[in-house]
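# Structural features, examined
This is what each chain is made of:
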Amino acid sequence: MDVLGSLSDGFLIALTWENLMFALLGCFLGTIMGALPGLGPSNGVAILIPLAFTLGLAPTPALILLTSVYYGAMYGGRVSSILLNIPGDEPALMTCLDGYPMAQAGRAGEALAISGVASFVGAFIATWGLVFLAPQLVKVALLFGPAEYFALFTLAFATLGGLSSKNQAKSAFAAALGLAFATVGMDDQTGSARFTFGEVHLFDGIDFLVVIVGMFALSEVFIFLEHHKASDLKQVEPVKIGRITPSWSLIKACSPTMLRTTGLGFIAGVLPGAGASLGSFIAYSMEKRLVDKQGTFGTGDPRGVAAPEAGNNAAAGGALVPMLALGVPGSGTTAVLLAVLLAMNITPGPLLFTQNPDVVWGLIAALFIGNIMLLILNIPMVGLFTRVLLIPPRVLMPIVAMISFVGIYGVSGSTFDLMVMVIFGVLGWALRKLDVPLVPVVLGTLLGYAMEVNLRRALTISDGDYSVLVGSPLAIGLWAVAIVGFVFPIIFGPMLRARMHAGRESDPKDLTDE
Amino acid sequence: MSDRLFGVIGLVIALIYAWQASIIEESFLSDVVGPKVFPYLIATVMGLASVFFVLRPDDDPVWPKFGKLLEIGMATIVLLVYAELLPVLGFVISTIFATAYLAWRLGSTPLMSLVSGVFTALGIYTVFRLILGLSLARGPLGF
C-alpha cells in the first residue's frame, strides 16, 4: 500500500496552481505539436527542453510540462491521421486505416471523439500500470552492478531499432556514432582530452541538447526545404467535422476493444524494442482478428480507430516504466524525456525512486491530471486543433528553426554551439536520407558517458578481468535478450513491416519517431 | 551505390576515430581500462557496420536533384551566418532575415516572407524576452 501513499504525496506536489498551469500548458502545446504534420512528440519535446531549462524551472515543474507535452502529442497525432490521412507520427499510422474513411463518410467528429476517449482509456490505465510496475522493476534494478548496467545499455541499443527495424547494421552504426559523440571532451577519470582536436570549446564535450535539437528539429526543416513543392499540395479545405461528442452506445460498443488493446499496448511499451508504433500495430491486428466479423475494419469502423489509439497511448505510458526505473529508454520520445532528466541533473534509475521520490511521484500524479485535462481539452476543443492543420509549413518551419536557435542560445549563449547544432541538423538530414535511424544516435550521445563509466567500474572492480561482464546470471540473461533482440528483426523484420504498411497506399517516409 | 559510398566513408571515419583514440595522451594516474578502450569498441562496431553497408547495400534513396542540394547547402550557410551574426546584429534584426530567407525558400512570396520574418522575430522576442525573460542575443541596439 505504500505505493498509494507515495502517489498521494505526488498529488500534493502536482496539485499546486503552478504545476497545474504547466500541465495545462504542456497538454495544449503537445496536442498542437502532435497535430501538426512534421512535428511529432520527439521533435516537439526536443525543442522545448532547452527552453524549460533556460527558464530556470525546477525539475518537477519542468518534467510535468514536458511529459504533458509528450502525452499531448500522443493525443494530437491522431488529428492529422483522421482528417488528412497523414499520420503526425509513426504510432498514428494505424489510426489512418479506419479514421480517414470515417472522416470521408462525414463522421470525422465521431472518429476524433472516439479516438480521444480511446487515448484517454489507454493512457489512464497505463499510468496505473506504471504506478504498480515501476516500483517492482526498481527492486530488480537494485540488484544491478556495473557489469549488468553495461549489459543493459547494450540491450537498449540492440533492441532500439525495434522488431520492425529495416537494417540492423544501420541501427548499430547510428548507436556507435552517438557513443562516439559522447566520448568527445575531457575524460573524467584520467583527465585526458579526447577527440578535441585542440578546440577549446570541445573540452567540455558536445552538449547533448545541441545534438538532440539539431537532429530532431533542424533536420525536419531541411527535409521540408527539400520537399516543399510537394508539401504545398497538402493545402486542403477543412473537412466537415460533424458531431464531436461520442454517444454512449458508441463508447460502449468500443469498450471491450479499448480495454483489450490497452493491456496489449502497455506490455508492448514496457518491453524493450517494441514501443508505441508496434503497440498500435499489434493492437489493431489483434482486434481485427477478434471482432471484425463483418469485415468492416479498414472501411471506417470506430473500433478500428479506438484500437490503435488505446494501444499507442498505453504503450507511451508503458515506455515510461523502463525509462524511470532503469534509466534506459526504449523509444525516441522517451529518449528525449531522458534528456530532460539529465539536463535537470537528475539520473533516472532505481536511485531516483529513493532519492527524489517527490520528482517521480509528482510526475506520475501529473500524468493522471494531464490525462484528464487532455480528455477535456480534446473532446470539445478538437475543432481548434484541426485549425492548426491549416498553418502552412512555409510559415511553421522557420518558426521551428528559430525557436531551436533561441533555446540553444539560451542554454549556452555561445555561437559555437549554434553552429554545431546547424551541422547536426545537416547531418541528421543526410542520415535520414540514408535510412539511418536518428534515435540511436541521440540515445548514444545521452548514454555514452554512463555506459563507459559502468564498463570501467566493472573492470576496475574485477582488476581488468573481462569475464566479469558475463559474471552473473542476470548479466548473461541481459546479453541473451540483447542478442535475440538484435537478431530477431533481421529474420522477421521484413514480414512484420510488410504487414504494418499493408493497406496504406502512401508510404510515409520522413518520420523521426520510432 | 549510396550505401556503398556511405560504408566507405563510415569506414574512414571509424579508422580516423580509432587512430585519434590511439594518440590520446594517457595520464600516469589511469584506471585499469584507461580512456582508449571504449573508443576502440565504438570504432569496431562502426567499422563492422560500415563493411556491411559496402557488402550488402540497401536500395538507393531518392537523392534530390542538384538544385535541391544547393538549396540545402544555401540554407546551411544562411543558418551558420545567422549564428555568427546574432551577437553582431542582435536577435531581432538577424532573425527577421533568417526567417524571411527560410520562408521564401519554402514557397512564400518575397513580400509575405518578409512579413513572416518580422512577425516571427517580434513574436519570439515578445514571448521569450519580454514575457519569459529569457536572454536573447543583444546587438548594438540592445535587441
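As the structure is a computational prediction, the values presented were derived from the model and not from experiment.

## With respect to the environment of Ser 119 of chain A
Residue and element names in this part refer to chain A. Position of Ser 119 among the secondary structure elements: in helix 6 (residues 108–141). Its relative accessible area of 0% is what places Ser 119 among the buried residues. When the C-alpha positions of Ser 119 and Gly 76 are compared, they lie 9.8 Å apart, and in sequence the two are 43 residues distant. With near-sequence residues (within four places) excluded, Ser 119 lies in contact with Tyr 75, Arg 78, Glu 309 and Asn 313. A polar contact is formed between the side chain of Ser 119 and the side chain of Asn 313, at a distance of 3.1 Å.

## Digging into the packing of aromatic side chains
For the structure shown, the criterion picks out 19 aromatic pairs over all chains. Ring centres of Trp 128 of chain A and Phe 368 of chain A lie 4.9 Å apart, and the angle between their planes is 55 degrees; this geometry places the pair in the tilted category. With a gap of 240 residues between them, Trp 128 of chain A in helix 6 and Phe 368 of chain A in helix 15 (residues 357–378) connect regions that are remote in the sequence. With a relative accessible area of 4%, Phe 368 of chain A lands in the buried category. Consider the rings of Phe 173 of chain A and Phe 6 of chain B, whose centres lie 5.1 Å apart with planes at 70 degrees: the pair is edge-to-face. Of this pair, Phe 173 of chain A sits in helix 8 (residues 168–183) while Phe 6 of chain B sits in helix 1 (residues 2–22), on two different chains. Summarising the burial analysis for this pair, Phe 173 of chain A and Phe 6 of chain B share the class buried. Through pairs of rings, three or more aromatic residues link up here, namely Phe 11, Phe 120, Phe 124, Trp 128, Phe 132 and Phe 368 of chain A.

## Description of the interface of chain B and chain A
On the chain A side, the residues contacting the 65 residues of chain B number 61 residues. Between chain B and chain A, the buried area comes to about 5500 Å², and carbon and sulfur atoms account for 78% of it. The interface formed by chain B and chain A contains two salt bridges. Close ionic contact of Lys 170 of chain A with Asp 58 of chain B constitutes a salt bridge, the shortest N to O distance being 3.1 Å. Sorting the residues of the side of chain B that touches chain A by element identifies helix 1, helix 2 (37–55), helix 3 (66–89), helix 4 (91–105) and helix 5 (110–131) of chain B as the ones contributing at least two each. The element contributing the most residues to the side of chain B that touches chain A is helix 3 of chain B, with 13 residues. Grouping the constituent residues of the side of chain B that touches chain A by class yields 42 nonpolar, 14 polar and nine charged.

## Details of the domain arrangement of chain B
What the domain assignment lists for chain B is domain 1 (2–55) and domain 2 (66–131). Measuring from the centre of the C-alpha atoms in domain 1 of chain B to the corresponding centre in domain 2 of chain B gives 38 Å.

## Regarding helix 3 of chain B
Residues and elements named next belong to chain B. Between its first and last C-alpha, helix 3 extends 32 Å over 24 residues, near the 34 Å set by a 1.5 Å rise per residue. At Ala 83, helix 3 shows its largest bend, some 35 degrees, and a proline, Pro 87, comes one to four positions later. Buried within helix 3 we find Glu 71, Ile 72, Ala 75, Thr 76, Val 78, Leu 79, Tyr 82, Ala 83 and Leu 86. One or two residues past the end of helix 3 sits Gly 90, with phi positive at roughly 90 degrees.

Rules used throughout
- Along each chain, the written sequence defines residue order, and numbers are assigned to residues from 1.
- Whichever chain is written first becomes A and whichever ligand is written first becomes 1, with later ones labelled in order.
- At least 70 in pLDDT is required for a residue's local features to be given in this predicted model, at least 80 for side-chain atom pairs to be given and counted, and no such filter applies to totals for whole chains, interfaces and linings, which use all residues.
- Hydrogens and waters are ignored; side-chain quantities use all the structure's heavy atoms.
- Counting from the N terminus, the helices are the DSSP runs of H or I reaching at least four residues and the strands are the DSSP runs of E reaching at least two.
- Relative accessible area decides the class of each residue, using a 1.4 Å probe on protein chains only: under 20% of the type maximum gives buried, over 50% gives exposed, and in between gives partly exposed.
- In what follows, residue pairs with any heavy atoms lying within 4.5 Å of each other are defined as contacts.
- Throughout this description, a polar contact denotes any pair of N or O atoms lying within 3.5 Å of each other; where both atoms belong to protein, one of them has to be capable of donating a hydrogen while the other can accept it, and for residues adjacent in sequence the pair is counted only when both atoms sit in side chains.
- In this scheme Phe, Tyr and Trp rings, the latter by its six-membered ring, pair at centre separations within 6.5 Å, and the angle between planes marks the pair as stacked below 30 degrees, edge-to-face above 60, and tilted otherwise.
- A quick way to say it: buried area is the sum, across both parts, of accessible area lost when two parts are put together, with a 1.4 Å probe.
- Salt bridges are counted wherever a side-chain nitrogen of Lys or Arg sits within 4 Å of a carboxyl oxygen of Asp or Glu.
- Three classes are used, and their members are as follows: Ala, Val, Leu, Ile, Met, Phe, Trp, Tyr, Cys and Pro are nonpolar, Asp, Glu, Lys and Arg are charged, and the others, Gly among them, are polar.
- Throughout the structure description, domain borders are defined by an automatic or database domain assignment.
- What a helix should span is 1.5 Å times the count of its residues minus one.
- Fitting one axis to the seven residues ending at a residue and another to the seven starting there, the bend at that residue is the angle between the two axes.

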